[in-house]
Amino acid sequence: MAEAETSIPIPEELVREPVSEVGQMSQWQLMRLRFSRNRLAMTGVIGLAVMYVIVFLGPFLAPNDYMYQNTDYIFGQPNSITFIGPDGRFSLRPYTYEISTVLDEQSFKFVFVENREKKVPIRFFVRGDPYTLFGFIKSDVHLFDVDRPQRFYLLGADELGRDMFARILMGGQVSMTIGLVGVALGIILGSIMGTASGYWGGLTDDIMQRIIELIMSFPTVPLWAALAAALPPISATFTALHRYFLITVILSLVGWTGLARQLRAKVMAYRQSDFVQAALAAGASDARIIFVHMLPNAASHIIVVAALAIPSMILGETALSFLGLGILPPLVSWGALLKSAQQVAVVVQHPWLMIPGVAVVITVLFFSFLGDGLRDAVDPYSI
Amino acid sequence: MARYILRRSGYMLVTMIFVAVIGFLIIELPPGSYLEFEIARLRQLGGDMAPEQIRALEVRYGVHDPIYLKFWKWFSGFVRGDFGRSFEHRLPVSELLWQRLGFTVLISVLTMIFSWVVSIIVGVYSATHRYTIPDYAITVLQFIGLSVPNFLLALVLMVFAQQVLGMEVGGLFSGAYRNAPWSLAKFIDLLKHLWIPILVIGASGTAWLSRVMRGNLLDVLNMQYVQTARAKGLSERTVIWKHAVRNALHPLVMVLGMSLPGIISGETVVAIVLNMPTTGPLYFRALLQQDMYLAVTFLMFLAVLLLIGNLFADILLAWLDPRIRFE
Amino acid sequence: MAKQAGSSTTPEGLVVRVRDLHVYFFTDLGVSRALNGVSLDIPAGKVTGVVGESGCGKSVTALSIMRLVPHPGRITKGEILLYREREKQNGHSIVEEVNLTDLDPQGPVIRSIRGAELAMIFQEPMTSLNPSYTIGDQIMEAILLHQQCTRKEAEERAVDILARAGMPNPQTVVRRYPHELSGGMRQRAMIAMALSCTPSVLFADEPTTALDVTTEAQILDLMRELQAAMGMAIVFITHNLGVVAQMCDTVAVMYLGRVVEQAPVEPLFYDPQHPYTRALLRSIPHVGSRTKARLQPIRGVVPDPYATIEGCPFHPRCDYRKPGLCDVRVPATTQVGENHTVRCFLYTEQGEDNG
């Protein structure tokens, strides 16, 4: 048992503490790691990316213009697709059938019958209805279409014989952006109010809290509806696009309260924290403390709260438009499309009118996955 | 405790006055006024109107009054139960209000009870069975419940009830009972119709509440006093139900106030699809027709319902949590 | 599961013996090795101190013995033996050996042991009592669970034990809620609750860390006094060496999930063997040291538990490190004096694997 009192010089590489990779990561790196390992969250991100691409390429992807009315195909069902060519053999080119209109003897209604004998080829990259992509690319080439006089309805037609597929893609442009814009406005409003309320406290806080309580004491959809009802009717000076923006403002007017509350709590906690006390002691200005010390720390929480608020905004717009108080023609949204599907009888006869609802559900689901994943990544110990 | 209730009630009254201000602003917001509609209607009915007639009407409705006087006239009437007239139905609003509001309250309360009972059971189950297949299944259902717009769910359930179960759907009563006086048979008929609205309106709230309950319970299960209870040798069931759930309920009661707007909102929208004789269909129709007195009266009463619900939640919380009770 | 030792005294006077205990936490980010082969003897009726830096596994050791390791932690290896005394009809008491690691952590056997024979108090008196129930309810709950008595008797016992725990006005305190008491009073209530069923071991996980100095002294006095009066063993978990010197009969020093040295309190303070213990003692001031002498911090920090370290966990920070030995193998536990063991290659050639 040798007493080794004499110290042995230690090589530098051994003095460094042994740490695993995880231990060395920054807060943001850890969040990114946790997020990218969350399968649901990644599903949400990829799914949404795909949907945005599809929706904004809508006019190119859909064979018909979303406004084109075909009085010969009112409430027409979706056309079938077959890969068996006219010669009875498998072909790579898809075919659809010729449609003929027949008067049903019993109900005295026109029904659309596919003529199984007469196959119509579906062609790719063909010229059709003109459109403008992203607001500046003018074109008339569509991904697929059939030869005229026939028209192709992938997801059927609505009460005016308009292509549901084209309308769902166009509606997606509204429905998938209105939540984002609404939340962005809500973040700005909520951040200002919440930070001010939490930072200065006292009277500012009291007044802010009462305002929030007041807004929260109304049921959301009825309040949105009442505000939307006060918007002027669509005219040359007040276009559907103006209405779109004002609807987002209305949605965020109610939606900011939640964000403000959350941020207030955070800011109040930071106010007591040592790093803010230290900054105060060092004579930092209010603005510096808020923008340099508090908001960067709260940033991850703001992002999470915002992501979690998107689904309710999308659902809010859907409900408003469904009631006829949201998006109005010539713009369409998924909620506005679902307006045609208010009665059970209609839905039973023309189930394809419900497809916009499926789009809403998928979108909201993806956004929820995303929001949940973000929250778990930022604060793995919360709900 | 009594003082606490009194103070909360005081707050509520103050909030109500501000709610009334907002309600009045909403009446005044839309272009055109009640009077213009009235005049247009009278013109339609017959002949011209003399300028004196119009002026008399203007005085009666106080069109040129300053805004605070207008507010006072409307507000003092409102407090006395005079809510103005519905020009569309040509009836005082009060005659259209009460029965529909009654059904709204009934359905909202039942939905609330349903969603609470289900949420607590489901939340406790999934928090105590974390990382198991049933927990994942519940999570999937919760996500779907939160993602499906309630009117869409109503449509799907109605189609299901009609096509698969062969039920007569829509409304709260079968045709035979719709206008019949109240009887036991009518009451049973009502119960048969109630499950669809309760399920539909409660779906998203239940999905959310059970998620909150799960999170709360997981938080509480991390608390030291749960470990203390385990260290005493209590069975896991006693630890969870006696020590953890009781404390996990506090935040749930606090969000009760937040879940109410969802239920009332949901009720109004779903009522249109389900064709229910509640406030929703009349309210949205009134908004579309700019029948503002009717619309705002409904909105005000929905807000009052919410405030009463919040007061109730506050009292419940005080009863549940000794720290608030002794404040 | 339980075998009878057959003698009337516990083997070597122990009440709990922990052997080569491994507890791993299986988290999303990897496996955290909280305990890496803890061996610890807890003598009956004595105060055993467990010291070490934060994160070395002191609390996890106590929770493991209680079988209360939280998810996602699991005991992956090792055994925990409890020697419980059982009265026989003829007045002879026999000692029964129970291997706690074999038990279902939620099963009836461990639950009959928890609270009755193994009790625990925690660091935060503010959060260790349930805010929704009165102090009396919470103490009576344990009494009613483990002892045959009526509610009235249980309440009397609760008042009695509160009085013994130095609680003023115990009759009124039983009807109070935790938020109505100060931190020191709450810790007294916790001690009363833990002692209500006269356990044979009390685990005290930094019971005074959250209290102010005066209250701390009172609570420490109280614990010492009750220990002497009731004769139970206390496992005192702390990072405060001063408290250890004041309170404990024997001390176990932990580093990174292992006990590196265990000894009676005097040899440990006057003749520390392990380089880590020495470094630890050098890092605190003591009376009589030269006033100009500088305190020596231990170089480096405790490595994060996700990292795997080859060899002795302390070797990267150790002044006596033997290259090619300390960074390759883990030293075996070696006897260096009476009841004095140490894990270091300064005292043995034997590694854990071949020892």
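Residues numbered from 1 in each chain as written. Chains lettered and ligands numbered in written order. Predicted model: local features only at pLDDT ≥ 70, side-chain atom pairs only at ≥ 80, totals over all residues. Heavy atoms only, no water.

## What to know about the overall build of chain B
Helix and strand counts for chain B come out as 13 helices and two strands. Residues counted as buried form 52% of the 327 residues belonging to chain B. Long-range contacts, defined as pairs at least 24 residues apart, comprise 72% of the intrachain contacts of chain B with a sequence gap of at least 6. Accessible area of chain B: about 15500 Å², with a carbon and sulfur share of 66%. (Helix = DSSP H or I, 4+ residues; strand = E, 2+ residues; numbered from the N terminus. Buried < 20%, exposed > 50% of the residue type's maximum accessible area, 1.4 Å probe, protein only. Contact = heavy atoms within 4.5 Å. Areas by Shrake-Rupley, 256 points an atom, 1.4 Å probe, with all protein chains shown as cover.)

## Examining the domain arrangement of chain A
Interfaces are frequently sized by the accessible area removed from exposure as the parts join. When the domains of chain A are assigned, the result is domain 1 (79–152) and domain 2 (166–377). The straight-line distance from the C-alpha centre of domain 1 of chain A to that of domain 2 of chain A is 40 Å. (Domains from an automatic or database assignment.)

## A look at the pattern of salt bridges
Residue and element names in this part refer to chain C. Overall, the coordinates contain 20 salt bridges over all chains when judged by the stated rule. Two residues, Arg 17 and Asp 41, come together in a salt bridge whose shortest N-O distance is 3.1 Å. Separated by 24 residues along the polypeptide, Arg 17 in strand E2 (residues 14–27) and Asp 41 in strand E3 (residues 30–43) bring together distant segments of the chain. In this pair, the class of Arg 17 matches that of Asp 41, namely buried. We note a salt bridge from Asp 41 to Arg 19, for which the minimum N-O separation is 3.3 Å. You can see Asp 41 sitting in strand E3 and its partner Arg 19 sitting in strand E2, a full 22 residues away along the chain. (Salt bridge = Lys/Arg side-chain N within 4 Å of Asp/Glu carboxyl O.)

## Regarding the nonpolar core
Counting 175 residues, the largest nonpolar core has A:Leu325, B:Trp74, B:Leu252, B:Phe284 and B:Leu287 as the members making the most contacts within it. With 18 residues, the top contributor of residues to this core is helix H10 (residues 236–274) of chain B. Each residue touching B:Phe284, except ones within four places of it in the same chain, is listed here: A:Val221, A:Pro222, A:Ala225, A:Leu323, A:Leu325, B:Thr268, B:Val269 and B:Ile272. Counting residues in hydrophobic clusters, the runner-up holds 104 residues, among them C:Val18, C:Ala34, C:Ile65 and C:Val98. (Core = buried A, V, L, I, M, F, W, Y, C linked by side-chain atoms within 4.5 Å.)

## Comments concerning the side chain of C:Thr348
All names here are of chain C. Summarising the element assignment, Thr 348 is placed in the segment after strand E13 (340–342). For Thr 348, a relative accessible area of 12% corresponds to the buried category. Separated by 2.9 Å, the side chain of Thr 348 and the backbone nitrogen of Gln 350 make a polar contact. If we skip the residues at most four places from it in the chain, Thr 348 touches Ala 332 and Thr 334. (Polar contact = N/O pair within 3.5 Å; in protein donor to acceptor, adjacent residues only side chain to side chain.)

## Let's talk about the confidence of the model for chain B
Residue and element names in this part refer to chain B. On average, residues of chain B score 80 in pLDDT, and 88% of them are at 70 or above. Ranking the elements of chain B by mean pLDDT puts helix H13 (residues 322–325) last with 66 and helix H9 (residues 224–231) first with 90. Under the prediction, the complex receives an ipTM of 0.85, its pTM being 0.77. (pLDDT = per-residue confidence, 0-100.)

## Considering the packing of aromatic side chains
Residues and elements named next belong to chain C. Under the definition given, this model contains 12 aromatic pairs over all chains. Summarising the aromatic geometry, the rings of Tyr 255 and Tyr 276 are spaced 4.6 Å apart at their centres and angled 55° between planes, so their arrangement reads as tilted. Of this pair, Tyr 255 sits in strand E10 (residues 250–255) while Tyr 276 sits in helix H10 (residues 275–282), and the two are 21 residues apart along the sequence. Residue classification places Tyr 255 among the buried residues on the basis of a relative accessible area of 1%. Tyr 276 gets classed as buried once you look at its relative accessible area, which sits at 0%. (Phe/Tyr/Trp six-rings, centres within 6.5 Å; stacked < 30°, edge-to-face > 60°.)

## Description of the interface of chain B and chain A
Counting residues at the interface gives 42 residues for chain B, matched by 40 residues for chain A. Between chain B and chain A lies a buried interface of about 3600 Å² when both sides are counted; carbon and sulfur atoms form 81% of it. Applying the counting criterion to the chain B and chain A interface returns zero salt bridges. On the surface where chain B and chain A come into contact, there are three residue pairs in polar contact (both at pLDDT 80 or more). Every element with two or more residues in the side of chain B that touches chain A is listed here: helix H1 (2–28), helix H6 (133–147), helix H7 (150–163), helix H8 (184–221), H10, helix H11 (279–288) and helix H12 (292–320) of chain B. Among the elements that make up the side of chain B that touches chain A, the one with the highest residue count is H7(B) (eight residues). A class-by-class count of the residues in the side of chain B that touches chain A yields 32 nonpolar, eight polar and two charged. (Buried area = accessible area lost by both parts, 1.4 Å probe. Nonpolar A, V, L, I, M, F, W, Y, C, P; charged D, E, K, R; others polar.)

## Considerations on unusual backbone geometry
C:His71 connects to C:Pro72 through a cis peptide bond whose omega is 0°. Among the structural elements, C:Pro72 can be located in the loop between helix H1 (58–66) and strand E5 (73–87). A positive phi angle is found at A:Phe125, which is not glycine, with a value near 50°. The phi torsion at B:Asn275 lies on the positive side, around 55°, for a residue other than glycine. Within the secondary structure, B:Asn275 sits in the loop between H10 and H11. Look at B:Asn275 and you get exposed, because its relative accessible area is 56%.

## A look at the side chain of C:Asn130
Within the secondary structure, C:Asn130 is located in the loop between strand E7 (118–121) and helix H3 (135–146). Within the structure, the side chain of C:Asn130 is placed 3.0 Å from the side chain of B:His243, a separation counted as a polar contact. Looking at C:Asn130, its side chain comes within polar contact range of the side chain of B:Asn247, at 2.7 Å.

## Some details on the domain arrangement of chain B
Residue and element names in this part refer to chain B. By the assigned domains, chain B splits into domain 1 (2–78) and domain 2 (100–320). Across the contact, 18 residues belong to domain 1 and 16 residues belong to domain 2. The three residues of domain 1 that bury the most area against domain 2 are Met 12, Ile 27 and Phe 78, which together make up 29% of that side's buried surface. If you look at where domain 1 meets domain 2, you find zero salt bridges. The tally of links between domain 1 and domain 2 comes to zero residue pairs in polar contact (both at pLDDT 80 or more). When residues of the side of domain 1 that touches domain 2 are traced back to their parent elements, those giving at least two are H1, helix H2 (34–45) and helix H4 (67–80). Ranked by residue count, the leading element in the side of domain 1 that touches domain 2 is H1, at 12 residues. Looking at side-chain class alone, the side of domain 1 that touches domain 2 contains 14 nonpolar, three polar and one charged residues.

## Some remarks on the sheet that holds strand E12 (residues 334–337) of chain C
Residue and element names in this part refer to chain C. An order of E7-E8-E9-E4-E10-E11-E13-E12 is seen for the eight strands of this open sheet, with the pairing classed as mixed. Looking along the sheet, the strands with just one partner apiece sit at the ends: E7 and E12. Across this sheet, the average inter-strand angle for adjacent strands is 20°, counted without regard to direction. Pairing geometry for E12 and E13, over three bridges, is antiparallel. Along E13, the bridge assignment pairs Gln 335 with Thr 341. (Pairing = 2+ DSSP bridges. Axes fitted to C-alpha atoms, helices over the stretch in contact; angles between N-to-C directions.)

## Overview of the packing of H3(C) against helix H4 (residues 151–164) of chain C
Residue and element names in this part refer to chain C. Contact geometry for H3 and H4: axes closest at 9 Å, N-to-C directions at 115°. In this view, H3 runs roughly perpendicular relative to H4, as classed from their interaxial angle. Between H3 and H4 lies a crossing whose hand is right-handed. Counting all contacts with H3, which are made through Ile 135, Asp 137, Ile 139, Met 140, Ile 143 and Leu 144, the residues of H4 involved are Arg 151, Ala 154, Glu 155, Arg 157, Ala 158, Ile 161 and Leu 162. (Parallel < 35°, antiparallel > 145°, perpendicular 65-115°, else oblique. Left-handed = near helix turned anticlockwise from the far one by under 90°.)

## Some remarks on the pairing of strand E8 (residues 201–205) of chain C
Residue and element names in this part refer to chain C. The buried count for E8 comes to five of five residues, which makes it a mostly enclosed element. Here E8 shows a buried face lined by Val 201, Phe 203 and Asp 205 and a second buried face lined by Leu 202 and Ala 204. Relative to E8, E7 runs parallel, the two sharing four bridges. Each bridged residue has a counterpart across the sheet, and for Met 120 the counterpart in E8 is Phe 203. Inspection of the sheet shows E8 paired to strand E9 (residues 233–238) by five bridges, in the parallel sense. Considered in E9, the bridge of Leu 202 is made with Ile 234.

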